[in-house]
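A closer look at the structure
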Amino acid sequence: MKTTIVTPNLVQLNRLRFVNAYLVREDDGLTLVDTTTSGAADDLVAAAQQAGGAIRRIALTHGHGDHIGSLDELKAKLGDSVEVLVPELDARIHAGEKVVEGKLPGSWPTVRTTPDVLLAHGDRVGSLEVVASPGHTPGHVAFLDTRDGTLIAGDVYTTLGGTAVSSHFYLRFPLAAMATWDKAKDLESARTLRALDPALLVVGHGPAVPAPGAAMDTAIARAS
Ligand SMILES: [Zn+2]
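Residues numbered from 1 in each chain as written. Predicted model: local features only at pLDDT ≥ 70, side-chain atom pairs only at ≥ 80, totals over all residues. Heavy atoms only, no water.

Each donor-metal-donor angle would ideally measure 109.5 degrees in four-coordinate tetrahedral geometry, or 90 or 180 degrees in six-coordinate octahedral geometry. For the zinc ion, every protein donor is listed as His 62 (NE2), His 64 (ND1), His 136 (NE2) and Asp 155 (OD), and the spread of their distances is 2.2 to 2.4 Å. Note that the zinc ion binds four donor atoms; their angles at the metal cover 88 to 174 degrees, and the shape is irregular. In primary-sequence terms, the residues that donate to the zinc ion follow H-x1-H-x71-H-x18-D. Remark: Asp 155 occurs in the loop between β11 (150-152) and β12 (157-158) and His 62 occurs in the loop between β5 (55-59) and α2 (65-68); sequence separation between them is 93 residues. (Donors = N, O, S within 2.8 Å, 3.2 Å for Na, K, Ca; no water. Tetrahedral: all angles 85-135°; square planar, octahedral: opposite > 155°, others 65-115°. Helix = DSSP H or I, 4+ residues; strand = E, 2+ residues; numbered from the N terminus.)

In structure tokens, the structure reads:
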């Protein structure tokens, strides 16, 4: 796992070159945002120790397998010392509920962990504000760090080979568009996130983008 200190509050954890999770520093320890694919629990815990803290909570942007993949392993390792926070609709999908019509694209592996908190728009997770951003999945959320304007945008945007909206079939990283449930909603969410005017954009797939306004505008225009 490749570890990059992006800001004093944020560490990027990159696995298999294409998938990211994040450690967010809080007064009581670390929030892990997303868990990458399965088999990463030991590496994620080691990365947290290296970053100088314990994982206090695990918050997910959405329920796809490359984000929720190591949740059960982490929960088995860390037990009740971690709180698990999952966007409401995606948690209900994992619980077997049919929350939308039709087939859901992307990977939805079986998950045993029951979330402690179902996330909704406007909730706070430490310093992070939850921003509803449905479309890639029905329940997708982003997290805005209120301390410094860092936006953890999950899979609404990708930045591999340039910034793109995941509604848009982008040849340099087509997987995100192929896994997107509702492209119109996803594009609307891309606009919602742009309107937050983030100071830094970080995503599930690709490198961090400082001062991302212009890149987000271009990505939205290309997807529109
Ligand atoms: Zn996804």
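Having seen the model, we can carry on.
Among the residues of helix α1 (residues 41-50), those classed as buried are Ala 41, Leu 44, Val 45, Ala 47 and Ala 48. Buried residues along α1 cover an arc of 160 degrees about the axis, so they all sit on one side. Those residues of α1 that are exposed and aimed more than 90 degrees away from the buried face are Asp 42, Gln 49 and Gln 50. Where α1 is buried, its residues meet β1 (2-7), β2 (10-15), β3 (19-26), β4 (29-33), β5 and α3 (71-78). With its phi angle positive at about 95 degrees, Gly 52 sits one or two positions after the end of α1. (Buried < 20%, exposed > 50% of the residue type's maximum accessible area, 1.4 Å probe, protein only. Arc of directions from axis to C-beta. Contact = heavy atoms within 4.5 Å.)

This part takes up the environment of Met 178. Along the chain, the position of Met 178 falls in helix α5 (residues 175-178). Taking the C-alpha atoms as reference points, Met 178 and Asp 34, 144 residues apart in sequence, are found 20 Å from one another. Leave out the neighbours within four places in its chain, and Met 178 touches Pro 105 and Phe 169.

The residue Arg 17 is not glycine, and still its phi comes out positive at about 75 degrees. Of note, Arg 17 is situated in the loop between β2 and β3. Classification of Arg 17 by relative accessible area gives exposed; the value is 77%. One non-glycine residue, Thr 36, adopts positive backbone phi at about 60 degrees. In this fold, Thr 36 is placed in the loop between β4 and α1. Overall, the relative accessible area of 0% leaves Thr 36 in the buried class.

All right, on to a nonpolar patch on the surface then. On the surface, Phe 169, Leu 171, Leu 175 and Met 178 cluster together to form a nonpolar patch covering roughly 480 Å² of accessible area. Within the secondary structure, Leu 171 is located in the loop between β13 (164-165) and α5. A relative accessible area of 71% means that Leu 171 is categorised as exposed. (Patch = residues over 30% accessible without salt bridge, like charges linked within 9 Å, V, L, I, M, F, W, Y side chains within 5 Å. Areas by Shrake-Rupley, 256 points an atom, 1.4 Å probe, with all protein chains shown as cover. Salt bridge = Lys/Arg side-chain N within 4 Å of Asp/Glu carboxyl O.)

The next thing to look at is the environment of Gly 213. One can find Gly 213 in helix α7 (residues 213-223). We classify Gly 213 as buried; its relative accessible area is 11%. With 174 residues separating them in the primary sequence, Gly 213 and Gly 39 have C-alpha atoms 35 Å apart.

Locating Thr 146 in the fold gives a position in the loop between β10 (141-145) and β11. With a relative accessible area of 39%, Thr 146 lands in the partly exposed category. For the pair Thr 146 and Glu 129, spaced 17 residues apart in sequence, the C-alpha separation works out to 6.8 Å. Apart from the residues lying within four places of it in its own chain, the contact partners of Thr 146 are Arg 124, Ser 127 and Glu 129. A distance of 3.3 Å separates the side chain of Thr 146 from the side chain of Arg 124, its partner in a polar contact. (Polar contact = N/O pair within 3.5 Å; in protein donor to acceptor, adjacent residues only side chain to side chain.)

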